[in-house]
Amino acid sequence: MFKNIFSYKGRIRRLEYGLTYLGYILLTNSSNYLSDFSDSVFIDIINLAVLVLIIWIIIVQGAKRCHDRGNSGWYQIIPFYIFWMLFADSDHGPNEYGDNPKGIGNHSELEEIGKEVTNYD
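Conventions adopted
- Residues numbered from 1 in each chain as written.
- Predicted model: local features only at pLDDT ≥ 70, side-chain atom pairs only at ≥ 80, totals over all residues.
- Heavy atoms only, no water.
- Salt bridge = Lys/Arg side-chain N within 4 Å of Asp/Glu carboxyl O.
- Helix = DSSP H or I, 4+ residues; strand = E, 2+ residues; numbered from the N terminus.
- Buried < 20%, exposed > 50% of the residue type's maximum accessible area, 1.4 Å probe, protein only.

A. Main features of the pattern of salt bridges. Within the structure shown, the criterion is met by three salt bridges. Between Arg14 and Asp89 there is a salt bridge, with the nearest N and O atoms lying 3.5 Å from each other. Of the two residues, Arg14 is situated in helix α1 (residues 14-36) and Asp89 in the loop between α3 (81-87) and α4 (107-120); the sequence distance between them amounts to 75 residues. One salt bridge connects Asp68 with Arg65, and the closest N-O pair in it is separated by 2.4 Å. Of this pair, Asp68 and Arg65 both sit in helix α2 (residues 41-68), separated by three residues, roughly a single helical turn. Salt bridges linked by common partners bring Arg11, Arg65 and Asp68 together as one network.

Below you can see the structure in the form of structure tokens.
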């Protein structure tokens with residue numbers, strides 16, 4: 001979990017996306033809370049840098065979650081699509097974006113089952 005958090009390539013599970021989104025909410029709220037009580041320009045610059053980083057991560061993780069559903073990362077700009085990303089199951093097996101992160105239906109899993117059947121005979 002949380003491998004290549006800055007890369008938009010690949011697929012992630014619902015749990016990883018949900019934890020990322022929860023972290024996004026907590027960090028942005030705490031950043032806003034901190035800037036409300038500080039008049040320092042330095043704190044504002046730090047908050048802006050952290051906010052840009054957090055927004056990049058949530059966009060990248062959203063794109064990977066869209067990939068897990070077999071869709072382009074642009075689907076995440078559809079209103080309320082976040083609920084679909086949080087609650088809908090992933091595509092079974094590999095798709096154009098990579099193997100299923102759960103391992104269900106991937107080629108390697110099928111090859112292992114084939115080897116076991118072959119070795120059984």
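And the narrative resumes.
B. Region of interest: unusual backbone geometry. Non-glycine residue Phe80 carries a positive phi angle of around 65°. By the secondary structure assignment, Phe80 is in the loop between α2 and α3. Residue Phe80 is classed as exposed on the basis of its relative accessible area, which comes to 67%.

Function cannot be inferred from these measures alone, as they are strictly geometric.
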